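Secondary and tertiary structure notes
Residue-level listing of the chains:
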Amino acid sequence: MGRADKSVPGCFGYPLSIFFIVINEFCERFSYYGMRAVLVLYFKYFLRWDDNLSTVVYHTFVAICYLTPILGAIIADSWLGKFKTIIYLSIVYAVGQVVMSVSAINDLTDGNRDGVPDTIPLHVALSMIGLVLIALGTGGIKPCVAAFGGDQFDESQDKQRSRFFSIFYLSINAGSLLSTIITPILRGQMCGIHTQQKCYPLAFGVPAALMVVALVVFIAGSGMYSKVSPQGNIIVKVIKCISFAIKNRYRNRSKSIPKREHWMDWANEKYDELLIAQIKMVLKVLFLYIPLPMFWALFDQQGSRWTLQADTMNGNFGAIQIQPDQMQTVNPILILVLVPVVDIIVYPLIKKCKLNFTPLRKITVGMFLAAMAFVVAAIVQREIDPTLPKFPKINEVQVKVINLGTENLNVSYKENLNLPSETLSSYKASAYMDLPVDSTIYFTYGNISQGFPFEGFSGETRYTYIVRNDNRVEAIWDEDISRKPEQGNNAIKFINNLQETITVMVDNENVTDILPFSFSNYTMLKLGVKTIKGITESGKNCSVQSMEFGFGSSYTIIIKECSSSMSIDYIEDIKANTVHMALQIPQYFLITCGEVVFSVTGLEFSYSQAPSNMKSVLQAGWLLTVAVGNIIVLIVAGASGLSEQVKSIVINIVPFCNA
């Protein structure tokens, strides 16, 4: 049992086989983090789930990804060995990525070609199947790859093995960095057979291709690997031994029976001392893992709460615009810088100062830095909250009125609403008013008045009325956008107040034909100044340079005149994001510093402290702390029932600090 008895090729003092393992890990992490980077936005904007459901499903998926390592470790250490386990579960992993990509094809069920899938449950079902397969694959191989890399070193290469775990962690973050830059760009492309939509199939398809590459690379190094044979069903032995020790201690609880040095010593009657000693080692390490899930409860919210936070911020960095899911790249960028700095400069300096910076102290410092990162995140959220629009509640609507008439318009409501009437001059708009869904609104021009009951209105929705006077009161309504525009876009719709139909173009792209006294559909515009052109039914051409649009705003634009130039008015429906994404950098810096001293230390500590026949098992135990951390997020989110982002952030710090 043990290593294959052969000479292993080397390079710079390292076994050549580890380079295949590092490249495999790079590709696999590209696949995983690339898919995960766009996952919460896929839930929100493709499947149309709300923020809370998106967050819950996201963390459930991550939790399963870190629960399945136990299964992978049992298979590797007990039956197949690490090498075969990695290959078989990588195939499952790749299939899951392909299914995920197929689930995101909009045209799959878009029979009427309106750009919206007709059978959302089918897409949800495929997504869930894909995510389950991915969770089985990535979780199953996760404890095996790191431990398999450690197996490539002999006992005289402790220094090289320690450095390997840093290199291994760098490959993880290099893959994460590139994927979190590339996949949001791929998602932002427009693709589709019948209608052009955000290209989630491509954003999931490229990670699927990288997973296939990871599998091929790993198999290519097969002849160079040092492969440790599985040593029997060690997990079952451990469980039976622990159970026997507990039962035996309970049976011999009399005070007259002498105590034993350790409670596991009660298994001496049936199990050999070597196994008991190994279990003591593992239990000692697992006991130290108890507070560690609190770190991951905070850390993994970079992909959910922090991404949703970035969705309400200004991503304009001058020459480039950063998408909310791309802000996650700050973490791997900092990792690539900080791991070598900490490894080569910080730790040697601490050693020169004769400070005993033990692995447990490193882990403690990492946890403290993660807590500080969320204190900063809460402060940033306090800056964001006042800038966010207030949307209507379940049984309410919000109504805005625009006066397109030639006289002053009086707007009033039923008396029992206790709302004051409002007078609007020509081309002026009211603020959004919170009203019950069964209200009636009254419009008055001079002596002419008419009531309009809300018919067809849905709760939690915004509406705009346009009103004019022509010997009578004319009014029509349109549904407004009732959420912040995604990806920093600006949601723009036009109102035609001309006497004829007009074709509107923005930057030479045709938007729509708008009938007189009518609304257009929304069009999404990027940051900056746009050229708005119009061609009327009678052949008049007009154009105007727009205002400079910001990041995540919504405007209703009234076309008042089209002669040599276009005369327009702007009605601001949703303010642009004003808090800059750069304010997230300090929280990313703090949590990354915490990760460097916490996670790299934990990987090496888990390997070095494990008995030779339980390397994968203890790696799985380390990864299990990640799963528990994500479960904590789910419990806290479900128990709190809080919709405000800042409360969600703060409430996640509390159990961490209590630990």
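Residues numbered from 1 in each chain as written. Predicted model: local features only at pLDDT ≥ 70, side-chain atom pairs only at ≥ 80, totals over all residues. Heavy atoms only, no water.

Selection criterion: UniProt positions are given in the numbering used here, feature names are shortened, and annotations may be inferred rather than shown by experiment.
An unreviewed UniProt entry lists the chain under the name Solute carrier family 15 member 1, with Engystomops pustulosus given as the organism. A UniProt comment under Subcellular location (unreviewed entry) is attached to the chain, and it reads "Membrane".

Side note on the overall build of the chain
Note the cut-off: Working definition: helices are DSSP H or I runs of at least four residues, strands are E runs of at least two. Numbering for both runs from the N terminus. Burial here depends on accessible area, computed with a 1.4 Å probe over protein chains only, as a share of the maximum for the residue type. Under 20% is buried, over 50% is exposed, and the range in between is partly exposed. We call two residues contacting when some pair of their heavy atoms lies within 4.5 Å. For every accessible area listed, the method is Shrake-Rupley and the probe measures 1.4 Å; residues are considered covered only by the protein chains on display. Counted as positive: Lys and Arg. Counted as negative: Asp and Glu, with His and the chain ends omitted from the count. Charged side chains are reduced to one point each, which is NZ for Lys, CZ for Arg, CG for Asp and CD for Glu.
The helix and strand tally for the chain stands at 16 helices and 21 strands. Taken over the C-alpha atoms alone, the chain extends approximately 100 × 60 × 55 Å along its principal axes. Sorting the 659 residues of the chain into buried and exposed places 54% on the buried side. Considering only intrachain contacts with a sequence separation of at least 6, the fraction spanning at least 24 residues in the chain is 72%. As presented, the chain carries roughly 28600 Å² of accessible surface, and 60% of it is formed by carbon and sulfur atoms. The positive charge centre, built from 54 side chains, and the negative charge centre, built from 52, are 14 Å apart in the chain.

Regarding the pattern of salt bridges
Convention followed: Basic side-chain nitrogens of Lys or Arg form a salt bridge, by our definition, when they fall within 4 Å of a carboxyl oxygen of Asp or Glu.
Tallied over the entire structure, the rule returns 14 salt bridges. With a closest N to O distance of 3.6 Å, Lys-400 and Asp-480 form a salt bridge. Remark: Asp-480 occurs in the loop between strand E12 (473–479) and strand E13 (490–496) and Lys-400 occurs in strand E5 (residues 396–403); sequence separation between them is 80 residues. One salt bridge connects Arg-468 with Glu-474, and the closest N-O pair in it is separated by 3.2 Å. Taking relative accessible area as the criterion, Arg-468 reaches 21% and is therefore assigned partly exposed. Through salt bridges that share partners, Lys-400, Asp-478, Asp-480, Lys-493 and Asp-573 make up one connected network.

Quick look at the sheet that holds strand E19 (residues 541–549)
How we decide: Two strands are said to pair when DSSP picks up at least two bridges between them. For helices, the axis comes from a line fit to the C-alpha atoms of the stretch in contact; other axes are also lines fit to C-alpha atoms, and the angle between any two N-to-C directions lies between 0 and 180 degrees.
Read from one edge to the other, the open sheet built from four strands follows the order E15-E14-E18-E19, with strand pairing classed as antiparallel. Edge positions in the sheet fall to strand E15 (509–514) and E19, since each has one partner strand and no second. Going across the sheet, the axis of each strand differs from the next one's by a mean of 25°, ignoring polarity. Of the pairings in the sheet, the one linking strand E14 (residues 502–506) to E15 comprises five bridges and is antiparallel in character. Paired with Thr-503 across the bridge in E15 is Asp-513.

Observations regarding the state of the cysteines
What counts is decided by this rule: Cysteine sulfur atoms that come within 2.5 Å of each other are treated as a disulfide pair.
Taken as a whole and judged by the stated rule, the model has two disulfides. Put simply, Cys-191 and Cys-199 are joined by a disulfide, and their sulfur atoms are 2.1 Å apart. Taking the sign of the torsion about the S-S bond as the criterion, the disulfide between Cys-191 and Cys-199, at about 105°, is right-handed. On the basis of relative accessibility, which here comes to 23%, the residue Cys-191 falls in the partly exposed class.

Overview of the packing of helix H12 (residues 330–352) against helix H14 (residues 585–608)
Our working definition: Any angle that falls under 35 degrees is termed roughly parallel, while one over 145 is termed roughly antiparallel, one within 65 to 115 roughly perpendicular, and all others oblique. Take the far helix as the reference: if the near one is turned anticlockwise from it by less than a right angle, the crossing is left-handed, and if turned clockwise, right-handed.
Running from N to C, H12 and H14 point in directions that differ by 55°, and their axes come no closer than 9 Å. One finds that H12 runs oblique with respect to H14. Of the two possible hands of crossing, H12 and H14 adopt the one that is right-handed. Contacts between H12 and H14 involve Val-330, Asn-331, Leu-334, Ile-335, Leu-338, Val-339, Val-342 and Tyr-347 from the first element and Tyr-588, Phe-589, Thr-592, Cys-593, Glu-595, Val-596, Val-597 and Thr-601 from the second.

Some details on the sheet that holds strand E11 (residues 461–469)
Spatially, the four strands line up as an open sheet ordered E8-E5-E11-E12, and their pairing is mixed. Of all strands in the sheet, those with a lone pairing partner are strand E8 (433–436) and E12, marking the two edges. Taking the axes of each pair of neighbouring strands and ignoring which way they run, one obtains an average angle of 35° across the sheet. When E5 meets E11, the two strands line up parallel, connected through seven bridges. Looking at E11, one finds that Val-397 is bridged to Thr-461.

Examining the nonpolar core
Note the following rule: Only buried residues count toward a nonpolar core, which is a set of Ala, Val, Leu, Ile, Met, Phe, Trp, Tyr and Cys residues joined through side-chain atoms within 4.5 Å.
If you look at the biggest cluster of nonpolar residues, it comprises 130 residues, and the most contacted ones within it are Tyr-32, Leu-39, Tyr-42, Phe-43, Phe-61, Tyr-66 and Phe-204. Per-element accounting of this core gives the leading share, eleven residues, to H14. In this structure Tyr-32 touches Phe-61, Val-62, Cys-65, Tyr-66, Tyr-93, Gln-97 and Thr-138, once residues within four positions along its chain are discounted. Core analysis: the second largest hydrophobic core is formed by 20 residues, Val-397, Leu-409, Leu-435 and Val-473 among them.

Details of the environment of Ser-553
Worth spelling out the cut-off: A 3.5 Å cut-off defines polar contacts: any pair of N or O atoms within that distance qualifies, except that in protein one atom must be a possible hydrogen donor and the other a possible acceptor, and neighbouring residues in sequence count only when both atoms are side-chain atoms.
For Ser-553, the position within the fold is in the loop between E19 and strand E20 (554–562). On the accessibility criterion, Ser-553 (0% relative accessible area) is buried. Sequence separation between Ser-553 and Asn-577 is 24 residues, and the spatial gap between their C-alpha atoms is 6.9 Å. Setting aside its immediate chain neighbours within four residues, Ser-553 contacts Pro-485, Asn-489, Asn-490, Ala-491, Ile-574, Lys-575 and Ala-576. In terms of polar contacts, Ser-553 uses its side chain to reach the side chain of Asn-490, at 2.5 Å.

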